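Overview (structure and organization)
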Amino acid sequence: MTRRPSVRALTAQLALVRSDLPGVATFALQRLPTRSPLAALTVSGDTCWIRTNDGTLWFAPQREGWGVSWGYSGTCCHNLAQLLDILLKDISAPAAGPSASQSPHALFELLRTTPQGGSTTYTHAQLLDACTG
């Protein structure tokens, strides 16, 4: 007999994410349940997407209260840079939180200067270049 995970175990892995739209919220994973490496980041609207090499598209993982964003120099942009730095090394690592190490400055600058309008995609190679640049 196969045991299914309890509701408590599943909800412990989710973070509540609020939208800028009134009354709209969703849940995001705090870590991605995959071993397939990060292939690309897409930012569009107010959502960050992670595509893995197996073609799966995921909401960017995040911790409740630690949102991710781009296009300005605030905390959420720093959070996204920290998250990407972590996911490039280990795709199934937990989302960045208060104890995350500082992200590479060039990666933060890439995200800070990304336009908030429209949609932008960065490949694995572009993100790695920013981490080492």
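Structure: above.
Residues numbered from 1 in each chain as written. Predicted model: local features only at pLDDT ≥ 70, side-chain atom pairs only at ≥ 80, totals over all residues. Heavy atoms only, no water.

1. Structural notes on helix 2 (residues 75-89)
Over its 15 residues, helix 2 runs 22 Å from end to end, which matches the ideal 21 Å to within 8%, given 1.5 Å per residue. Taken as a whole, helix 2 has its buried residues at C77, N79, L80, A81, Q82, L83, L84, D85, L87 and L88. Elements that come into contact with the buried residues of helix 2 comprise strand 3 (38-44), strand 4 (47-52), helix 3 (105-112) and helix 4 (124-132). (Helix = DSSP H or I, 4+ residues; strand = E, 2+ residues; numbered from the N terminus. Expected span 1.5 Å × (residues − 1). Buried < 20%, exposed > 50% of the residue type's maximum accessible area, 1.4 Å probe, protein only. Contact = heavy atoms within 4.5 Å.)

2. Concerning the packing of helix 2 against helix 3
One way to put it is that helix 2 packs onto helix 3 with a least axis distance of 9 Å and a crossing angle of 125 degrees. In terms of axis orientation, helix 2 runs oblique to helix 3. Judged by the twist between their axes, the crossing of helix 2 over helix 3 is right-handed. Note on element contacts: helix 3 touches helix 2 through L107, F108, L111 and R112, opposite C77, H78, L80, A81, L84 and D85. The residue inventory of the contact of helix 2 with helix 3, partitioned by class, reads seven nonpolar, one polar and two charged. (Axes fitted to C-alpha atoms, helices over the stretch in contact; angles between N-to-C directions. Parallel < 35°, antiparallel > 145°, perpendicular 65-115°, else oblique. Left-handed = near helix turned anticlockwise from the far one by under 90°. Nonpolar A, V, L, I, M, F, W, Y, C, P; charged D, E, K, R; others polar.)

This is a description of form; function is not addressed.
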